[in-house]
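Observations on chain architecture
If you want the building blocks of each chain, they are given just below.
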Amino acid sequence: MRNLFVAVILSSLLSGCVSSRIEQSRDSATGIESHEAIVLLGRASYNDKQTEESFTECIADVLGEGDNPIRLIEQSQFRDDLYPWFEPRTAPTSANELGKLFTEPGVQERIASVNVRYLAWIDGDTVTIDSGGSMSCTISTFGGGCFGMSYWEEDASYEAAIWDLKTMTSTGQISADANGTSYLAGLIIPVPILARPGNAACKGLANQLRAFIVGES
Amino acid sequence: MQFRGLLRQSLNVTAMLLVLQSCTTSVVVDGTVPTPLVSVIPARMGVYYSDEFRRFKHEEVFRDSGGWRIDLGNQNLRFFQNLTASLFAGVQEVHQPPLTTEEMRNLDGVFIPSIEKYGFLTPSISGLKFYSASIEYRVAMYDKVGTKIGDWNIVGYGKSEGGLFSSDEAINEATALAIRDGGARIAIELIDQPAVQNWLRSKHELIEPSAGPPGAAESIETPETPETREENVGVAPDA
């Protein structure tokens, strides 16, 4: 019984395979001083897609840890401080609009007061592109169980557009694509084998963003 | 016997009410109230918030997800109090117009926000991953003598990711974002409206440093007082 339990726990810890690809294009040189900060902003639009808040939080967690953590200003704090200029329908859509935005009263001073050097717009989402299989679970007075197998394939596709607020220019873009299939096997109890393409895209994008910002790549 | 029957019926009705009550989700909307960083409109305005605006509630029953009772009055009021305080050179809450000449002495005009419509969607209705909310505001502005400067309809949208067991939080966030979005558009776009620009120009030309314009009307009881604003709705420019 104990072996079965251990086997179940180990199985549930198995991860499905994820393939990911990170690409970068640089427009200009970058670098960041210790007192300077970066803001990650999720793009939101009023269609059926929106960058998940959990994804930008995941990137922020990765950037804020390690030997060389990057100082981050929280997204909600930045949006509140610069209200109404970074709301979904009022935010600049390209770095070319920064010049005009900075002429608005108080905007440049507010950004300077918190030493925000870079702004990274995170755009994308994770979608289920395929699913199938079948599994049924029953329960009765004599016990219960699940039998069968189901799967779902997810695709995570994100892009970070990095703007330098000091020079008011776009410094480059980084894209991350990850794809993986998760399985749920019913062997009396349901055993999940989860692929986490969103997590893989987050880590890949965050590590590349760190290297990009500090000027290592 | 009759008494027992009556008692049983009462218990049944109470039980049914309790069941119905338990299927209703109540949300009191709460969120941040940021102060806008915008150009100040150089005018001292009286602001009138109707009781409906102050205590706005939306109730709706869906067959699948039960009833919803969403109270957005307080958040809406706090948001607009902060918004108008940043948007105009001076604000003072006033009673329902018309105001007397004396009451208008230190004011250049009256600003009246109202809510025309509120609506929301849950993922089970929209088929999307998000909860969404929209608020249609109407803001009307009147000058010192009660003549309508203009009125504008502004729609604010908000959406929020929702978990299976946190639909109330998601509706709260979507609604707070919709208020915020509507407020952002008012804060940015109101000053650029041609009618507002014309009014500011004429006010600048007429106004004396410490008093109202020469020959200011006795009261704002003109044909275009707020009471008759419905007549003007059809010709109102959209913001």
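In case you missed it, the structure is sitting above this.
Attention here is on the structure that accompanies the text. What you see is a predicted model, and the numbers here were worked out from it, not measured in a lab.

**So, the overall build of chain B**
Within chain B, the regular secondary structure consists of 6 helices and 8 strands. Put simply, chain B runs from its N terminus to its C terminus through helices and strands in the order α-β-β-α-β-β-α-β-β-α-β-β-α-α. The buried share among the 239 residues of chain B stands at 36%. A separation of at least 24 residues holds for 74% of the contacts in chain B among residues at least 6 apart in sequence.

**Brief notes about the sheet that holds strand β6 (residues 109-121) of chain B**
Residue and element names in this part refer to chain B. Judged by pairing direction, the sheet is mixed, and its 5 strands sit side by side in the order β5-β2-β6-β7-β8 without closing on themselves. Either end of the sheet is taken by a strand with one partner, and the two such strands are β5 (88-93) and β8 (148-161). Averaged over all pairs of adjacent strands, the angle between strand axes in this sheet comes to 30 degrees, irrespective of strand direction. Relative to β8, strand β7 (residues 130-143) runs antiparallel, the two being bridged by 13 bridges.

**Some remarks on the interface of chain B and chain A**
With 17 residues of chain B at the interface, the matching set in chain A holds 19 residues. If you list the elements that add at least two residues to the side of chain B that touches chain A, you get β8 and α5 (167-189) of chain B. A per-element tally of the side of chain B that touches chain A places α5(B) first, with 6 residues. Considered class by class, the residues forming the side of chain B that touches chain A number 10 nonpolar, 3 polar and 4 charged.

**A few points about the pairing of strand β6 (residues 169-193) of chain A**
Side-chain direction in a regular strand flips from residue to residue, so the side chains alternate between the two faces of the sheet. Residue and element names in this part refer to chain A. As paired elements, strand β1 (residues 18-26) and β6 share 9 bridges and run antiparallel to each other. Bridged to I22 within β6 is A176. In terms of strand pairing, strand β5 (residues 143-164) meets β6 through 19 bridges, oriented antiparallel. Bridge pairing links E154 to G180 in β6. If you look at the hairpin formed by β5 and β6, you'll find 4 residues sitting between the two strands, and M168 has a positive phi there, around 55 degrees.

**Comments concerning the nonpolar core**
Counting 90 residues, the largest nonpolar core has A:I59, A:A120, A:A160, A:L205, A:L209 and B:V139 as its most contacted members. Here A:A160 is in contact with A:A120, A:W121, A:I122, A:Q173, A:I174, A:L205 and A:L209, once residues within four sequence places are set aside.

**Examining the packing of helix α2 (residues 53-64) of chain A against helix α6 (residues 197-214) of chain A**
Residues and elements named next belong to chain A. For the pair α2 and α6, the least separation of the axes is 9 Å and the interaxial angle reads 45 degrees. One element, α2, and the other, α6, form an angle in the oblique class. The chirality of how α2 crosses α6 is right-handed. Residues F55, C58, I59, V62 and L63 of α2 lie in contact with α6, whose contacting residues are G198, C202, K203, L205, A206, N207, L209 and R210. For the contact of α2 with α6, a count of residues per class yields 9 nonpolar, 2 polar and 2 charged.

**What about α2(A)?**
Residue and element names in this part refer to chain A. With 12 residues, α2 ought to run about 16 Å at 1.5 Å a step, and its terminal C-alpha atoms sit 16 Å apart, in line with that. Among the residues of α2, those classed as buried are F55, T56, I59, A60 and L63. Taken end-on, α2 shows its buried residues confined to a sector of 140 degrees, consistent with a single buried face. Buried-residue contacts for α2 involve β2 (37-42), β3 (71-73), α3 (75-81), β4 (116-140), β5 and α6. After α2 finishes, the residue G66 shows a positive phi value of roughly 95 degrees.

**Focus: the sheet that holds β6(A)**
Residues and elements named next belong to chain A. Here we have 6 strands laid out as an open sheet, ordered β1-β6-β5-β4-β2-β3, and mixed in their pairing. Looking at strand neighbours, the two that pair on one side only are β1 and β3, the edges of this open sheet. With direction set aside, neighbouring strand axes in the sheet form an average angle of 20 degrees. Pairing between β2 and β4: 6 bridges, direction parallel. Bridge pairing in β4 links I38 to Y118.

So, how was this worked out
Residues numbered from 1 in each chain as written. Chains lettered and ligands numbered in written order. Predicted model: local features only at pLDDT ≥ 70, side-chain atom pairs only at ≥ 80, totals over all residues. Helix = DSSP H or I, 4+ residues; strand = E, 2+ residues; numbered from the N terminus. Buried ≥ 20, exposed ≤ 12 C-beta atoms within 10 Å, placed from the backbone. Contact = placed C-beta atoms within 7 Å. Pairing = 2+ DSSP bridges. Axes fitted to C-alpha atoms, helices over the stretch in contact; angles between N-to-C directions. Nonpolar A, V, L, I, M, F, W, Y, C, P; charged D, E, K, R; others polar. Core = buried A, V, L, I, M, F, W, Y, C linked by C-beta atoms within 7 Å. Parallel < 35°, antiparallel > 145°, perpendicular 65-115°, else oblique. Left-handed = near helix turned anticlockwise from the far one by under 90°. Expected span 1.5 Å × (residues − 1). Arc of directions from axis to C-beta.

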